[in-house]
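Overview (structure and organization)
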Amino acid sequence: MKISVIGAGYLGATHAICMASLGHEVVVVDVDSEKIALLKGGTLPFFEPGLSELLSSVLETKTISFTTDITAISECAINFLCIGTPQNREGIAADLSALERAFDSVLSVAKSDSIIVGKSTVPVGTAQRLARELSNKKSDTTLNWNPEFLREGHAVADTFEPNRIVIGALAPSDARVLADFYRSFSPNTPQFITNFPTAELVKVAANAFLATKISFINAMSEIADATGADVTVLADAIGIDDRIGRKFLGAGIGFGGGCLPKDIRAFLARADELGLGESLAFLQEFDLINQRARSRAVAVALKELGNPKGKKVAILGAAFKPESDDVRDSPALEIAQTLAALGADVVVNDPRALASAAEKVPDLTYEESITQTLQGAELTMLLTEWNEYRSLDPEKVIGLVKTPTLFDGRNVLDVGKWQTAGWKLLALGRSL
Ligand code: UDX
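Since we're looking at a predicted model, the values are computed, not measured.

**Description of unusual backbone geometry**
You will see that D329, though not glycine, has its phi angle at about 45 degrees, which is positive. Tracing the backbone shows D329 in the loop between β9 (312-316) and α12 (331-341). At N411, a residue that is not glycine, the phi angle is positive and equals roughly 50 degrees. Examined against the element boundaries, N411 turns out to sit in the loop between β13 (405-408) and α17 (415-420).

**A closer look at the site of the ligand**
Around the ligand sit 20 residues in total, of which F149, L150, E152, G250 and K321 are the nearest. In this structure, an oxygen atom belonging to the ligand sits 3.1 Å away from a main-chain N or O atom of G256. One of the side-chain N or O atoms of R410 is found 3.2 Å from an oxygen atom in the ligand. Alone, the ligand offers 660 Å² of accessible surface; in the complex the protein occludes 90% of this.

**Side note on the packing of helix α8 (residues 196-227) against helix α11 (residues 281-305)**
Here α8 crosses α11 at 55 degrees, and the two axes come no closer than 9 Å. With respect to α11, the axis of α8 lies oblique. Considering how the two elements wind past one another, α8 and α11 form a crossing that is left-handed. Counting all contacts with α8, which are made through A208, T212, S215, F216, N218, A219, S221, E222 and D225, the residues of α11 involved are F282, L283, F286, I289, N290, R292, A293 and R296.

**Some points on the side chain of N146**
With respect to the secondary-structure elements, N146 resides in the loop between β6 (142-145) and α6 (155-160). A polar contact of 2.7 Å, which involves the side chain of N146, links it to the side chain of K119. For N146, the side chain forms a polar contact with the main-chain oxygen of V166, separated by 3.0 Å. Beyond its immediate chain neighbours, meaning those up to four positions away, N146 contacts F80, V117, G118, K119, I165, V166, I167, L178 and Y182.

**Re the environment of K402**
Assignment of secondary structure puts K402 in the loop between α16 (394-397) and β13. Its relative accessible area of 59% is what places K402 among the exposed residues. In sequence terms K402 and G376 are 26 residues apart; their C-alpha atoms lie 4.5 Å from each other. In this view, K402 contacts G376, A377 and E378; residues no more than four positions away in its chain are not counted.

**Observations regarding the packing of aromatic side chains**
Scanning all chains against the criterion turns up seven aromatic pairs. Note on F181 and Y182: the rings are 5.6 Å apart at their centroids and 75 degrees apart in plane angle, and the pair reads as edge-to-face. Residues F181 and Y182 agree in their burial class; the two are buried. When the centroid spacing of 5.1 Å and the interplanar angle of 65 degrees are considered together, the rings of W418 and W423 count as edge-to-face. Each of the two residues, W418 as well as W423, counts as buried. Between R164 and the ring centre of F149, over which it is positioned, the NZ or CZ distance is 3.7 Å.

What counts and what doesn't
- Each chain has its residues counted from 1, running along the sequence as written.
- With pLDDT at 70 or above as the cut-off, local features in this predicted model cover only qualifying residues; side-chain atom pairs require 80 or more to be listed or tallied, and sums for whole chains, interfaces and linings still use all residues.
- Only hydrogens and water are set aside; all other atoms, that is, all heavy atoms of the structure, feed into the side-chain values.
- Segments assigned H or I by DSSP are reported as helices when at least four residues long, segments assigned E as strands when at least two residues long, and all are numbered from the N terminus.
- Whether a residue is near a molecule or strand depends on its heavy atoms: it is near if one of them lies within 4 Å of it.
- Here a polar contact means two N or O atoms within 3.5 Å. Within protein one must be a hydrogen donor candidate and the other an acceptor candidate, and residues neighboring in sequence count only if both atoms are side-chain atoms.
- Throughout, the Shrake-Rupley method with a 1.4 Å probe supplies accessible areas, and for residues the shown protein chains are the sole cover considered.
- As a rule, the C-alpha atoms of each element are fitted with a line to give its axis, helices using only the stretch in contact, and angles between N-to-C directions run from 0 to 180 degrees.
- Angle categories are assigned with fixed cut-offs, so that under 35 degrees is roughly parallel, over 145 is roughly antiparallel, 65 to 115 is roughly perpendicular, and the rest are oblique.
- Crossing handedness is defined as follows: a turn of the near helix away from the far one that is anticlockwise and smaller than a right angle gives a left-handed crossing, while the clockwise case is right-handed.
- Here, residues are in contact when the closest pair of their heavy atoms is within 4.5 Å.
- Type-normalised accessible area, obtained with a 1.4 Å probe on protein chains alone, sets the label of each residue: buried when under 20%, exposed when over 50%, and partly exposed for intermediate values.
- Pairing of aromatic side chains requires ring centres within 6.5 Å, counting the rings of Phe and Tyr and the six-membered ring of Trp. Pairs whose planes differ by under 30 degrees are stacked, by over 60 edge-to-face, and all others tilted.
- A positively charged side chain is recorded as over a ring if its NZ (Lys) or CZ (Arg) lies within 6 Å of the ring centre. The angle to the ring normal must also be within 35 degrees.

Below you can see the structure in the form of structure tokens.
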């Protein structure tokens, strides 16, 4: 099938490349000519495991093309809108301006019997408004809203085998083509065909729930700090109940990235607009708990260092999570920045995110070698749980640092092993 993908960010590029690898003829359009040039040349503008290899193969088979020219989509049967909806500069609501511009330009050139599929995360009510625009313009184009649930770091697998497909439409018959499209490569994935507001809400409710779980366990971590309890044992013991579940009860420095933080804020803003601020007031608390996790980490570091001025702090991790070079709203990078602003001699290492971190925060010191990063450190902080850090040999690296004190910001290390090797370990929510 000939399809287009508008927007070549994490979501759009991944979707386009994966669909092309299944044999669809895919046209990718983005207004960013630099990004398009990179992709045309076979380079991904971001890191995602397995995606670069797929890009090379679809460029070779010529099942994909990249352009800034929107008229290239005129023959496509399905047009996927994968435009970012970042947090508004002036407040906490989502900024829909780029999405709206893209929608208008797609509409002006798309085939009349084609389908426009919104994949972007949007405030509830957006799709209905866009559908009204279609009917005002007497367009025959069909609109579907089809939220995307892929996780960075697992995006390829999540695209080929999504855990669910949700399609919002004016009428179930409007969703048939898209439902068949997904069924053709992922026949066992449960599909939910529903109305627009439900489809939009499934996405933000899922992210709000995940954020809630993380902030819940970080709230317990605050209580554990004050009472001497161990939040990791607590998480294991409550998570063993499958009504609760152990996943997303990883206590530590909290969530970041391009989705969870901005999605819960946009959800709050939308609830306020609907006069339902009270219904989601708990999300505001969870946002605060999440931000407090970062300041609690800084407080632990300062307690350990005393006056931080000129003291070397080795920061292991800049990305918001492992297997990604994404530093958007990264807890790791924010903690590094705060300590540097307080005068510490901060050195940041990350297996993949050094370039994106340096672009976002140019005035930090970045170091590619873990050995050099640790050399002479008076405090080491593990802030992103890359395997490279989890597999460090405490006996080997103890010789590098000046003071063998390590803050495990993600509660992932084998505490006994590190302590036996002579390290003092620090963490949130447990006294070690
Ligand atoms: C999330 C959703 O999972 C995905 O379905 C949606 O499409 C986009 O947003 P992503 O942002 O890739 O995906 O990351 P996710 O794996 O959800 O992690 C988000 C953040 O939570 C990371 O910073 C991670 O470190 C943190 N986290 C996760 C915790 O602090 N504790 C946990 O137990 C789990």
